[in-house]
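Descriptive structure summary
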Amino acid sequence: MDRNFNETFVEIECSCRTKDGESVCGDCFMSLRTESDHRHLAVLSDGLGSGIKANLLATMTSTMALKFMKSDMEILQSAEIIMDTLPVCEYRKISYATFTIVDLHLGGQTRIIEMGNPAFIHLRDGKDLKWENRELVSARWPDRRMTLTELKVLPGDRLIICSDGVTQAGLGHAPNKFGWRREGCLRFVQEQLAAEPELSARELSARVVAQACGQCPEHKYMDDTSCLVIYLRRPRKLRLLTGPPFNPASDAEYASLVRDFEGKTIVCGGTTANLVARELKRPIKMDIKLVRKAGGLPPPSSIEGIDLVTEGILTLTEVVRHLEQGNYQQAPLAARQMIELLLASDVIELVVGTKVNDAHQDPNLPVDLEIRRNIVRRLSQVLEENYRKEVKTRYY
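Residues numbered from 1 in each chain as written. Predicted model: local features only at pLDDT ≥ 70, side-chain atom pairs only at ≥ 80, totals over all residues. Heavy atoms only, no water.

Right, let's get into the overall build of the protein. Looking only at helices and strands, the protein features ten helices and 18 strands. By the compact-globule yardstick of 21 Å for 396 residues, the protein fits well, its C-alpha radius of gyration being 24 Å. Expressed as lengths along the three principal axes of its C-alpha atoms, the size of the protein is roughly 70 × 45 × 40 Å. The buried share of the protein, reckoned over its 396 residues, is 52%. Expressed as a percentage of contacts within the protein between residues at least 6 apart in sequence, the contacts between residues at least 24 apart total 69%. As displayed, the protein has an accessible area near 19100 Å², and 50% of this comes from carbon and sulfur atoms. Positive and negative side-chain charges of the protein, numbering 52 and 54 respectively, have mean locations separated by a distance of 2 Å. (Helix = DSSP H or I, 4+ residues; strand = E, 2+ residues; numbered from the N terminus. Rg over C-alpha atoms; globule rule 2.2 N^0.38 Å. Buried < 20%, exposed > 50% of the residue type's maximum accessible area, 1.4 Å probe, protein only. Contact = heavy atoms within 4.5 Å. Areas by Shrake-Rupley, 256 points an atom, 1.4 Å probe, with all protein chains shown as cover. Lys, Arg positive; Asp, Glu negative; His and termini not counted. Charge placed at Lys NZ, Arg CZ, Asp CG, Glu CD.)

Structure (structure tokens):
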């Protein structure tokens, strides 16, 4: 892969699974991106035990760690404040949460601070890189030892960080009496990347967690299990067109936005689809077999060279609703396909035609049917805030 940092996207994704029998996960992941200095912060914390108390410990730790790192507070001072603040467990009489903090600077020095979590994995061209680290010990908390590793990351690199639910998976049971361990996780990741070198961070983190579960008896999660993956690569781009342009004279230019785009494309809306099909001289095709599977929305159709063609406002509303809820597996077919394309992309451009469709101004329609611009605004917000996507919106 090209080692140039121009157009390098930092994909940060974490898959978390809750221990069987618990209602909430005792691991917590948080991240932050600052555009001004190309800096990316990520924290994975594992609270003592499981359940509500573990979740509280991990959430407090992640929140404080992210805030302190952003403000460049000294590491030991930050750790001492975190330890002083954590509530004490009623039964074990200790307050404890492990954590791994990544402070990544594109083109500069990257720092990884670890306390109690399994050692991170840094892969480059499939090889496990080793870096020197130094130990940090607080005078007030001498039993809480941290390690600081300073390293350089390049485009194509991956960082894999796990909670001990991954490395201890299968502990005490054949064939992993000592757990899956870091070595087992490393081998699995290397095998996955050898088969699919461009595998996304989102997919890889999910596979690691699922494979860890497979090491456990009856394939149950015996502990809160999380895997954070950071992948530096060329951005995956997507352009979505919805609504016809204000000026009909712009129709040909508008249609060329999907024809000439290097990335995935979505056309959303019947009028928009007819416009694009007419200007590109490509027919719209419908698979009648999809009607039964559509699930309450008009089924997707197809235009040659375009990745997805759907109905407009109804579909966008369903997409936004399911993204806000964080669960899209039961979404209607067209909405689910659009969500999958959006989540598989890094840089998303929403192109909104500004010609008003009078039907969407009818006060008798459900409240959910907001006008197009409001729906797009909600879509942009949820993609940026909940899914760490880079979203640009322009009106035509």
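Now for the sheet that holds strand 7 (residues 127–128). Strand order in the open sheet made by the five strands is 1-11-10-6-7, with antiparallel pairing throughout. Edge strands, defined here as strands with exactly one partner in the open sheet, are strand 1 (9–17) and strand 7. (Pairing = 2+ DSSP bridges.)

Turning our eyes to something else, we now look at the layout of surface pockets. Remark: the empty space left among the atoms is shown by a probe the size of a water molecule rolled over them. Estimated volume of the largest pocket: approximately 1200 Å³. Around the largest pocket, the lining is made up of 39 residues, and of these Glu13, Cys14, Asn386, Tyr387 and Arg388 lie nearest the centre. Looking at the lining of the largest pocket, the elements with two or more residues in it are strand 1, strand 2 (27–34), helix 5 (201–214) and helix 10 (372–387). No other element matches the nine residues that strand 1 contributes to the lining of the largest pocket. (1 Å grid on protein atoms, 1.4 Å probe; cavity = no way out; pocket = protein on both sides within 12 Å on 5 of 7 lines; lining within 4 Å. Points joined across faces, edges and corners; volume = space filled by probe spheres on them.)

For aspartate 251, the position within the fold is in helix 6 (residues 251–259). A relative accessible area of 12% means that aspartate 251 is categorised as buried. For aspartate 251, the side chain forms a polar contact with the side chain of arginine 278, separated by 2.8 Å. (Polar contact = N/O pair within 3.5 Å; in protein donor to acceptor, adjacent residues only side chain to side chain.)

Another aspect to go through is helix 5. In a regular helix each residue adds 1.5 Å, so 14 residues correspond to 20 Å; helix 5 covers 20 Å between its end C-alpha atoms and thus fits that length. Along helix 5, the positions that sit buried rather than exposed are Ala201, Leu204, Ser205, Val208, Val209, Ala212 and Cys213. If you follow the buried residues of helix 5, they end up packed against strand 1, strand 10 (158–162), helix 3 (164–167), helix 4 (181–195) and strand 11 (225–233). (Expected span 1.5 Å × (residues − 1).)

On to the packing of helix 4 against helix 5, then. Where helix 4 meets helix 5, the closest approach of the two axes is 11 Å, and the angle between their N-to-C directions is 135 degrees. Of the possible angle classes, the one that applies to helix 4 and helix 5 is oblique. In this structure, helix 4 crosses over helix 5, and the sense of that crossing is right-handed. Across from Cys185, Phe188, Val189, Gln192 and Leu193 in helix 4, the residues of helix 5 making contact are Leu204, Arg207, Val208 and Gln211. A breakdown of the residues in the contact of helix 4 with helix 5 according to their chemical character gives six nonpolar, two polar and one charged. (Axes fitted to C-alpha atoms, helices over the stretch in contact; angles between N-to-C directions. Parallel < 35°, antiparallel > 145°, perpendicular 65-115°, else oblique. Left-handed = near helix turned anticlockwise from the far one by under 90°. Nonpolar A, V, L, I, M, F, W, Y, C, P; charged D, E, K, R; others polar.)

It is common to report an interface's size as the accessible area lost on association of the parts. According to the domain assignment, the protein contains domain 1 (9–233) and domain 2 (237–395). Placing a centre on the C-alpha atoms of domain 1 and another on those of domain 2 gives a separation of 36 Å. Listed by partner, the interface residues are eight residues for domain 1 and eight residues for domain 2. For the pair domain 1 and domain 2, the summed buried area comes to about 720 Å², and 32% of that belongs to carbon and sulfur atoms. By the criterion of area lost to domain 2, the three top residues of domain 1 are Phe9, Arg33 and Arg202, representing 57% of everything that side buries. Seen at the junction of domain 1 and domain 2, the total is two salt bridges. (Domains from an automatic or database assignment. Buried area = accessible area lost by both parts, 1.4 Å probe. Salt bridge = Lys/Arg side-chain N within 4 Å of Asp/Glu carboxyl O.)

On to the nonpolar core, then. One finds Val319, Leu323, Met338, Leu342 and Leu379 to be the most contacted residues of the largest nonpolar core, which totals 28 residues. Contributing elements (two or more residues each) for this core: strand 12 (237–242), strand 13 (264–268), helix 8 (313–325), helix 9 (333–343), strand 17 (347–352) and helix 10. Setting aside its immediate chain neighbours within four residues, leucine 342 contacts Leu238, Val319, Leu323, Ile348, Leu379, Leu383 and Lys389. (Core = buried A, V, L, I, M, F, W, Y, C linked by side-chain atoms within 4.5 Å.)

Here the focus is the sheet that holds strand 17. Across the sheet, five strands lie side by side as 16-13-12-17-18; this open sheet has parallel pairing. Each end of this open sheet is capped by a strand with a single partner; those strands are strand 16 (308–310) and strand 18 (390–395). Pairs of neighbouring strands in the sheet enclose a mean axial angle of 15 degrees, with direction left out of account. Summarising the sheet, strand 17 and strand 18 pair through six bridges and their orientation is parallel. When the sheet's bridge partners are listed, isoleucine 348 is paired in strand 18 with valine 391. On the sheet, helix 7 (residues 270–280) packs against strand 12, strand 13 and strand 16 and is oriented at approximately 120 degrees with respect to strand 13.

Here the focus is empty space enclosed by the protein. Overall, the coordinates contain four cavities of 30 Å³ or more when judged by the stated rule. Considered as a void within the structure, the largest cavity measures approximately 70 Å³ in volume. Forming the boundary of the largest cavity are Ala65, Phe68, Met69, Ile75, Ser78, Ala79, Ile82, Phe99, Ile101, Ile113 and Met146. Secondary structure elements with two or more residues in the lining of the largest cavity: helix 1 (51–70), helix 2 (75–85) and strand 4 (97–105).

Right, let's get into the packing of aromatic side chains. If you walk through the whole model with that rule in mind, you get two aromatic pairs. Between tryptophan 180 and phenylalanine 188 the ring centres are 6.0 Å apart and the planes differ by 55 degrees, which places this aromatic pair in the tilted class. The pair tryptophan 180 / phenylalanine 188 is uniform in exposure class, with both members buried. Judged by centre distance (5.2 Å) and plane angle (55 degrees), the ring pair of tyrosine 254 and tyrosine 396 falls under tilted. With tyrosine 254 in helix 6 and tyrosine 396 in the segment after strand 18, this residue pair connects regions lying 142 residues apart in the sequence. With respect to burial, tyrosine 254 and tyrosine 396 carry one shared label: buried. (Phe/Tyr/Trp six-rings, centres within 6.5 Å; stacked < 30°, edge-to-face > 60°.)

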